[in-house]
Amino acid sequence: MFYKYESDFDNDLMFWSNATADLWHKGESGESDLPDELLHALNELWTDSHLVCCYLVEFKGRYGVALESIYDRDFAESLGVTYSELLKRVEKKANYISKECPQFDTLFGKDTQSWSNGGVDSQLLVIVPWDESKETFESVAKWLDSIVYEI
């Protein structure tokens, strides 16, 4: 299913780790603080070997791994387009991914990544359920690596 957000993910998406698998949820956490489903996802699925970043997440009450790509004004400039045009293209790409992978939730977040300097970036995330096979997870991550920045 496809979901579109602007400025934040409401309470629908909660991160349990960062992209380097440092665990945190309402403060620093350890593996013993993870729900069994996320511990499984950490040990079986999470990786830092892809272009897309991996995060342990809870989306609408379900656990999984988010595969994320980020889009900013510098990337838009490198493509020779405005940030607004880039976001139109990313949303179109997110819709395409959602149709190609209907078994996963696909999120497009406009200006959902905030930085301390006041800057914002936009995100495209695909949520892979915690109990998905390693083979399917790797296949999806490799496919996303090959298409998410072809805008």
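The coordinates are above.
This one's a predicted model, so the numbers in the text were calculated from it and none came from an experiment.

Draft legend 1. Structural view of helix α3 (residues 83-100). The end-to-end C-alpha distance of α3, which contains 18 residues, comes to 25 Å, matching closely the 26 Å that a straight helix rising 1.5 Å per residue would cover. By the burial criterion, the buried members of α3 are Tyr83, Leu86, Leu87, Val90, Lys93, Ala94, Ile97 and Ser98. Buried positions in α3, seen along its axis, are confined to an arc of 140° and lie on one side of it. In α3, those exposed residues whose orientation departs by more than 90 degrees from the buried face are Lys88, Lys92 and Lys99. Of the surrounding secondary structure, the elements contacted by the buried residues of α3 are β1 (2-6), β4 (62-71), α2 (73-79), β5 (105-114), β6 (120-129) and α4 (134-147).

Draft legend 2. Fine view of the sheet that holds strand β3 (residues 53-59). Ordered by their spatial adjacency, six strands build an open sheet running β1-β5-β6-β4-β3-β2, and the pairing between neighbours is mixed. Each end of this open sheet is capped by a strand with a single partner; those strands are β1 and β2 (13-15). Here the average twist between neighbouring strands, direction ignored, is 35°. For β4 and β6, the ladder comprises eight bridges, and the chain directions are antiparallel. Opposite Ser69, over in β6, you have Leu124 as the bridge partner. Running at roughly 155° to β5, α3 makes contact with β1, β4, β5 and β6 of the sheet.

Draft legend 3. Spotlight on α4. Taking 1.5 Å per residue, 14 residues should reach 20 Å; α4 reaches 20 Å between its end C-alpha atoms and fits that length. Every buried residue of α4 is accounted for by Phe137, Glu138, Val140, Ala141, Leu144, Asp145 and Ile147. Packed against the buried residues of α4 are β3, β4, α3 and β6.

Draft legend 4. Summary view of the nonpolar core. Ranked by internal contacts, the top residues of the largest apolar core, which has 37 residues, are Leu56, Leu67, Leu86 and Leu144. Dropping the residues within four chain positions of it, Leu67 is found in contact with Val52, Cys53, Cys54, Leu124, Leu125, Val126, Val128, Phe137, Val140, Ala141 and Leu144.

Reading guide: rules and limits
Starting from 1, residues in each chain are numbered consecutively following that chain's sequence as written. Only residues with pLDDT of 70 or above have their local features reported here, since the model is predicted, and side-chain atom pairs are shown and tallied only from 80 upward, although totals for entire chains, interfaces and linings are computed over all residues. Just so you know, side-chain values use all the structure's heavy atoms and leave hydrogens and water out. Starting at the N terminus, helices and strands are each numbered in turn, a helix being any DSSP run of H or I of at least four residues and a strand any DSSP run of E of at least two. By this rule, a helix spans an expected 1.5 Å times one less than how many residues it contains. Partly exposed residues are those whose accessible area sits between 20% and 50% of the maximum for their type, while under 20% is buried and over 50% is exposed, using a 1.4 Å probe and protein chains only. Directions from the helix axis toward the C-beta atoms define the arc. What makes two residues a contact is simply this: any of their non-hydrogen atoms within 4.5 Å. Pairing between strands is defined by DSSP: at least two bridges between them are needed. Helix axes are fitted to C-alpha atoms over the stretch in contact, other axes to C-alpha atoms as well, and angles between N-to-C directions run from 0 to 180 degrees. What we call a nonpolar core is a set of buried Ala, Val, Leu, Ile, Met, Phe, Trp, Tyr and Cys residues that are connected through their side-chain atoms within 4.5 Å.

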